[in-house]
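Structural overview
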Amino acid sequence: MLQRVARLLVAAEVRVVDLPGTDADECDFALCAALLTSQALRLLPTGVSVDDVTAPAERDPLALLRGAEQLIREHPIEDLPPGTTALVTDLCDLIGRFTP
Amino acid sequence: MSGRDHRSVGELLLDADHTARDVLMDAGDLDAAAMLRTWGEAVQTAAELWAALPTAPSAAPPSQRSAPVDAMGQVAAMTAALTRGIRRGPWPGPGPTDPRLQAIADSFARAAALINQHGPVGPSSDPAVRADADAARTRIIHTLYLAVHGVRLAVLAHARPLQDAIASRGKNTAAGSLAVARSVLPRLDAVEQVAGAYVARTYPATLAGEHRKAPRGSRVVDALAAWDVHAHRAIAAHPTAGHLRLAARTQELILGHAAVILSAAARTGAVDPYQYATRLEQPLDGARAAWAVTARSWAQFAAHAARPDATALTTAAAEVRAALREITIDASTTATPAVIASRSDLSATARTLATVLAASTDLAHLVRDVTLDPAVTFPARAVNAAAVAASATPCGGTVPGSGEAAHVAIKDLTTNREIPLTALVRTQETHRAQRLVAATGAAADAGAWLPSPTLPDPPQEQTIRTLRARPVQLVSARAAGRGCER
């Protein structure tokens, strides 16, 4: 599941050009998405790569983030590795800031 | 190194709140017995801190009185009864305490000691003081709310296998422990509900009254310096696509915030507004845009073999972002020049930003060196995707000479092996990096008039003689130029 979350975050960062708003918004979103991606990748077991997961068809960066949050929400937090709560908190913070 | 605690009351409360969040982050590794042994102390120190906080004078109208104190009183009374009960029981018994709940208790105790060191505070008629005290109360209960949830999770996790053992084998070697856990759970639940009701009523609205210290002037200086070191180290030692894109994104962000700060400095007279508008504004934006183009390009590479970036680099990037936003962002929009000026010494920050422009050029050279180095490798799929994109013309054809054949060996693509850039991709990336070097160099040259990042220029001999004759404050010739008349 975290593999798919990381894949969505990677896609969100690449798709940042589709984000409405100023250059500063785009830059801040992309940097936060990059930091989130690293956070998510650190939670993956050794040897697990996100390249094995098909790239999502969704192009809207905010929808991609929401998709990642929805995926995590489907699992009890205590079943996920330590550090997932920090990822969820930062993810929700980013979604909240960019939701019109 | 001194072991003395220099944290303020506000910082201690914030640390306690963060520690309580940490408890929930590691919900799977909690030790129920240790937490139950420590929970009582955490609540007791919270109650002592609560009692030390200033209240509204009794003469004040009800609308101006502080939040009711019943929540803390209820939580303290319920917890005291709970701990008295379990002290007599077979479990948890004596043993180690929980380090995080202990840290919370220590923070509360230290905060109470700080408030009490000059004698009892008593009622205060100052609305700002009372608002700050109400915010502190909210922080205390919020911390306990998170922590008690953690204790409940730990006790639940402790009880579950014991219950399963009874269900499967019909016997339990730790029946006493299970009985205590079963009796403790509803009582912890009650504490959580009392705390939760208070939090729902006050959080986060009451925190608006929290006294906020002015941003530490050196934070942004320290953050920019640390970022510069880590970015250079990461790209020189591990020039991965991820590091290149994170460095470029952060440089774009830094120059964007630099423009906001320098614009505020120009409007408030901290730097020469004419020089800023006519010389620096455009090249600065050009450098920012060049970093943005670079970031987008390396982000495509990074997406094809996503790996976590070095922790030191991500931490430095997050800190530099936070330090700059602390100055330039007000709620969710860009702060006004007056607000920015009130938050930082704009002359000093402008001096730091002069260094940033020079460092930006140096980093751009480092990026260009990476594109020229045949020993640096990238994931095959990323190189292939870049080669396909580079060989396509705007009208859908292919660049003459690039051919239809695969750009990268199939076996490399299959395993996504690390390979050097193809000639076409190298040419494209080098051109992009050359443009970046030119744009950042132009911005650094255009900012040459900014105040020196070191000491002000030595005054001329004539000025020295004048200064010796007149005991006035020393200002450099540059700082006293246009826009600094006030």
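Some details on the pattern of salt bridges
Counted according to the given criterion, the structure contains 20 salt bridges over all chains. Here Arg97(A) and Asp28(A) are joined by a salt bridge, their closest N and O atoms 3.1 Å apart. Here Arg97(A), found in helix H4 (residues 84–98), pairs with Asp28(A), found in helix H2 (residues 23–43); they are 69 residues apart in sequence, far enough to count as distant. For Arg97(A), a relative accessible area of 33% corresponds to the partly exposed category. Residue Glu319(B) pairs with Arg219(B) through a salt bridge whose shortest N-O separation is 2.8 Å. With Glu319(B) in helix H10 (residues 311–328) and Arg219(B) in helix H7 (residues 217–237), the pair connects residues that are 100 residues apart, well separated along the chain. By relative accessible area, which is 30% here, Glu319(B) ends up partly exposed. Owing to a relative accessible area of 19%, Arg219(B) belongs among the buried residues under this scheme.

Thoughts on the layout of surface pockets
By volume, the second largest pocket is sized at about 1100 Å³. What lines the second largest pocket is a set of 31 residues, among which Gln39(A), Ala86(A), Thr89(A), Asp90(A) and Asp93(A) lie closest to the centre. For the lining of the second largest pocket, the secondary structure elements donating two or more residues are H2 and H4 of chain A together with helix H1 (9–25), helix H5 (127–169) and H10 of chain B. For the lining of the second largest pocket, the element with the highest residue contribution is H4(A), accounting for eight residues. Along the lines of polarity and charge, the residues of the lining of the second largest pocket split into 15 nonpolar, six polar and 10 charged.

With respect to the packing of aromatic side chains
All names here are of chain B. What the rule picks out here adds up to five aromatic pairs over all chains. Between phenylalanine 301 and phenylalanine 378, the aromatic rings sit 5.7 Å apart at their centres with planes inclined by 65 degrees, giving edge-to-face as the arrangement. Within this pair, whereas phenylalanine 301 is found in helix H9 (residues 273–303), its partner phenylalanine 378 is found in strand E3 (residues 378–379), the two being separated by 77 residues in sequence. Assigned by exposure class, phenylalanine 301 and phenylalanine 378 land together as buried. Connected via pairs of aromatic rings, a cluster forms that spans Trp298, Phe301 and Phe378. A cation over an aromatic ring shows up here: arginine 137 above the ring of tryptophan 50, its NZ or CZ 5.7 Å from the ring centre.

What to know about the confidence of the model for chain B
Residues and elements named next belong to chain B. Summarising the model, chain B shows a mean pLDDT of 81, and 82% of its residues fall at 70 or more. Ranking the elements of chain B by mean pLDDT puts helix H16 (residues 461–469) last, at 37, and helix H8 (residues 241–267) first, at 93. Confidence drops under a pLDDT of 50 for residues 454–486, and excluding neighbours within four residues, the segment shows 21 contacts in the predicted structure. Predicted complex metrics record ipTM = 0.90 and pTM = 0.61.

A closer look at unusual backbone geometry
A cis geometry characterises the amide bond from Trp91(B) onward to Pro92(B), with omega recorded as 5 degrees. Of note, Pro92(B) is situated in the loop between helix H3 (70–88) and helix H4 (99–116).

Digging into the state of the cysteines
One pass over the structure, following the stated rule, counts zero disulfides over all chains. Cys32(A) takes part in no disulfide bond, and the closest cysteine sulfur to it belongs to Cys27(A), at a distance of 9.1 Å.

Some remarks on empty space enclosed by the protein
Residue and element names in this part refer to chain B. As enumerated under the stated definition, the model contains two cavities of 30 Å³ or more in all. In this model, the second largest cavity occupies a volume close to 30 Å³. Here the lining of the second largest cavity gets three residues from one element, more than from any other, and that element is helix H15 (residues 423–446). Looking at side-chain class alone, the lining of the second largest cavity contains three nonpolar, two polar and two charged residues.

Looking at H4(B)
All names here are of chain B. Its 18 residues place the ends of H4 25 Å apart at the C-alpha level, agreeing with the 26 Å of an ideal helix rising 1.5 Å per residue. Along H4, the residues classified as buried are Leu101, Gln102, Ile104, Ala105, Ser107, Phe108, Ala111, Ala112, Leu114 and Ile115. Those residues of H4 that are buried lie in contact with H1, helix H2 (32–52) and H5. Structurally, the start of H4 carries an N-cap: the backbone nitrogen of arginine 100 is 3.1 Å from a side-chain oxygen of aspartate 98.

The rules behind these values
Residues numbered from 1 in each chain as written. Chains lettered and ligands numbered in written order. Predicted model: local features only at pLDDT ≥ 70, side-chain atom pairs only at ≥ 80, totals over all residues. Heavy atoms only, no water. Salt bridge = Lys/Arg side-chain N within 4 Å of Asp/Glu carboxyl O. Helix = DSSP H or I, 4+ residues; strand = E, 2+ residues; numbered from the N terminus. Buried < 20%, exposed > 50% of the residue type's maximum accessible area, 1.4 Å probe, protein only. 1 Å grid on protein atoms, 1.4 Å probe; cavity = no way out; pocket = protein on both sides within 12 Å on 5 of 7 lines; lining within 4 Å. Points joined across faces, edges and corners; volume = space filled by probe spheres on them. Nonpolar A, V, L, I, M, F, W, Y, C, P; charged D, E, K, R; others polar. Phe/Tyr/Trp six-rings, centres within 6.5 Å; stacked < 30°, edge-to-face > 60°. Lys NZ or Arg CZ within 6 Å of the ring centre and 35° of its normal. pLDDT = per-residue confidence, 0-100. Contact = heavy atoms within 4.5 Å. Disulfide = S-S within 2.5 Å. Expected span 1.5 Å × (residues − 1). Polar contact = N/O pair within 3.5 Å; in protein donor to acceptor, adjacent residues only side chain to side chain.

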